[in-house]
Amino acid sequence: MTDDITAGSPAADAPLPADGYLGDPAVREEWDHRYADRQQLWSGRPNGALVAEVAGLVPGRVLDVGCGEGADAVWLARAGWDVTALEVSGVALERAAGHARDAGVAVRWVHAALTEAVLPPASFDLVSAQYPALLRTPDAAAERALLAAVAPGGVLLLVHHAGVDTQQPDDGEFDPADYVWPSMVTALLTDGWTVEVNEQRPRVAPDGGAGAHHTDDLVLRARRLF
């Protein structure tokens, strides 16, 4: 369920194809089940850290990693950004596309895992990953994919829930060691990057939706110099 972003900008109401997913089918199935279990999983409003950090940026091309039901993507498009939104769940993408149609904005929808997506390298003025569930690999594939997508002069904005990365594995088989956290991305930054924000702060959370119980964010904002 992906539009080919190398083939131009599809209309906001373009139907999502029934196949074409790029990634692990088990991951897609897991997230499709999570979304299908609820009519609406998230709040439907943009994430507070995104709103705060984007306020001073000039709109350009943005990649929304793990776009979910599309609240951030729609908000960015309304603010004048040229939005590409990536998500593993086809259920979520169908909802996101509907929200974009209702808002009258155009978004490129990409049904793929970040590490499998066919994305133009070094071409996004902003790469936004808000609480992403990116699986960790020995070669740091997800971390490197985030960095590789940012254009020279562009910004990577990675936001996660504070404290989750240090939790012990739970009975539901969630193990923080399986996932990518901001510190892992920071460790890969070279002299070609400058860190503008790297902090823990109180979360400005939309009302309702899954994850509303988290109170603090880890916010990494890094700019690619060249």
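Report on the accompanying structure. (Residues numbered from 1 in each chain as written. Predicted model: local features only at pLDDT ≥ 70, side-chain atom pairs only at ≥ 80, totals over all residues. Heavy atoms only, no water.)

Looking now at the overall build of the protein chain. Of regular secondary structure, the protein chain possesses 6 helices and 7 strands. Secondary structure of the protein chain in N-to-C order comes out as α-α-β-α-β-α-β-β-α-β-α-β-β. Out of the 226 residues belonging to the protein chain, those deemed buried represent 50%. A sequence separation of at least 24 residues applies to 73% of the contacts in the protein chain between residues at least 6 apart. Taken as a whole, the protein chain presents about 10,600 Å² of accessible surface, with 50% of it coming from carbon and sulfur. (Helix = DSSP H or I, 4+ residues; strand = E, 2+ residues; numbered from the N terminus. Buried < 20%, exposed > 50% of the residue type's maximum accessible area, 1.4 Å probe, protein only. Contact = heavy atoms within 4.5 Å. Areas by Shrake-Rupley, 256 points an atom, 1.4 Å probe, with all protein chains shown as cover.)

A complete count under the given rule lists 2 aromatic pairs for this structure. Judged by centre distance (6.3 Å) and plane angle (40 degrees), the rings of Trp31 and Tyr35 are tilted. In this pair, Trp31 and Tyr35 are both assigned in helix α1 (residues 25–36), 4 residues apart and thus about one turn of the helix distant. Lying over the aromatic face of Trp31, Arg34 brings its terminal NZ or CZ to 4.3 Å of the ring centre. (Phe/Tyr/Trp six-rings, centres within 6.5 Å; stacked < 30°, edge-to-face > 60°. Lys NZ or Arg CZ within 6 Å of the ring centre and 35° of its normal.)

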